[in-house]
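One letter stands for each residue in the lines below.
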Amino acid sequence: QVQLVESGGGSVQSGGSLRLSCAASGATQSRSCMGWFRQVPGKAREGVATIDFDGDTNYGDSVKGRFTISQDDTKNTLYLQMNSLKPDDTAIYYCAAARLPSNYCSVSWSELFEYWGKGTLVTVSS
């Protein structure tokens, strides 16, 4: 059993920053891969960033150089630091987790993630 709870969403002006957090509970081995995904109503889910058990990261093309995914030493908290925010970043952001080998721990494999939070809304104003 893995539970994920996101926090830190809100409204920010274009060019600003936000940091999202995800509190994770349950067996650590069941969440060796963790990630952030986002979705706008009427559009497909988009992979934002993932991090594996060793700390290796993977980012979606639209956020490279602007967003940073990280986790604390206990792996009980996942973070997404978002800088240089754009209106196109407006979405509901979801925390997700899975047990995956490192080569599958990427934003391209969202269908393999087993556990999902309820999401937190990020709104970026122009």
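S.K.: Can you walk me through the overall build of the protein chain in this structure?
M.R.: Secondary structure assignment for the protein chain yields zero helices and eleven strands. Taken from N to C terminus, the helices and strands of the protein chain fall in the order β-β-β-β-β-β-β-β-β-β-β. For the protein chain, the C-alpha radius of gyration of 13 Å lies close to 14 Å, the compact-globule estimate for 126 residues. Among the 126 residues that make up the protein chain, the fraction classed as buried is 43%. Within the protein chain, contacts between residues at least 6 apart in sequence are counted, and of these 60% link residues at least 24 apart. Of the roughly 6400 Å² that the protein chain leaves accessible, carbon and sulfur atoms contribute 45%. Side-chain charges of the protein chain comprise 11 positive and 12 negative groups, with the mean position of each set lying 4 Å from the other.

S.K.: In this structure, what is going on with the state of the cysteines? I would like to understand it.
M.R.: One covalent bond between the sulfur atoms of two cysteine residues makes up a disulfide. Inspection of every chain in the model, using the stated rule, returns two disulfides. One disulfide in the model links cysteine 33 with cysteine 105; its S-S distance is 2.1 Å. The S-S bond linking cysteine 33 to cysteine 105 shows a torsion near 90 degrees; that makes this disulfide right-handed. Of the two residues, cysteine 33 is situated in strand 4 (residues 33–39) and cysteine 105 in the loop between strand 9 (91–98) and strand 10 (115–116); the sequence distance between them amounts to 72 residues. Comparing cysteine 33 with cysteine 105 shows no difference in burial state: the two are buried.

S.K.: What should I look at first to understand the environment of glycine 65 in this one?
M.R.: Here glycine 65 is to be found in the loop between strand 6 (57–59) and strand 7 (67–71). Among the residues examined, glycine 65 registers a relative accessible area of 83% and is labelled exposed.

S.K.: How should the pairing of strand 7 be read in this particular structure?
M.R.: Side-chain direction in a regular strand flips from residue to residue, so the side chains alternate between the two faces of the sheet. Going residue by residue along strand 7, you find Phe67, Ile69 and Gln71 tucked away on one face and Thr68 and Ser70 left uncovered on the opposite face. Pairing analysis gives five bridges linking strand 7 to strand 8 (residues 77–82), with the strands arranged antiparallel. Bridged to phenylalanine 67 within strand 8 is methionine 82. Hairpin connection between strand 7 and strand 8: a loop of five residues separates the two successive antiparallel strands, and lysine 75 in this loop has a positive phi of roughly 65 degrees.

Calculation notes
- Going along each chain's sequence as written, the residues are numbered from 1 onward.
- Predicted model: local features are reported for residues with pLDDT of at least 70 only, side-chain atom pairs are reported and counted for 80 or more only, and whole-chain, interface and lining totals are derived from all residues.
- Only heavy atoms go into the side-chain values, all of them from the structure, while hydrogens and water stay out.
- Counting from the N terminus, the helices are DSSP H or I runs at least four residues long and the strands are E runs at least two residues long.
- Two things to know: the radius of gyration comes from C-alpha atoms, and the globule rule equals 2.2 Å times the number of residues to the power 0.38.
- Three labels apply to residues, based on accessible area from a 1.4 Å probe with only protein chains included: buried if under 20% of the type maximum, exposed if over 50%, partly exposed otherwise in between.
- By definition in these notes, contact holds between two residues if any of their heavy atoms fall within 4.5 Å.
- Residue exposure ignores everything except the shown protein chains as possible cover, and the areas themselves are Shrake-Rupley values with a 1.4 Å probe.
- His is not counted, nor are the chain ends, whereas Lys and Arg count as positive and Asp and Glu as negative.
- One atom stands in for each charge, and that atom is NZ of Lys, CZ of Arg, CG of Asp or CD of Glu.
- Cysteine sulfur pairs qualify as disulfides if the two atoms are within 2.5 Å.
- Any two strands with at least two DSSP bridges between them are considered paired.

Worth remembering: the numbers are spatial, not functional.
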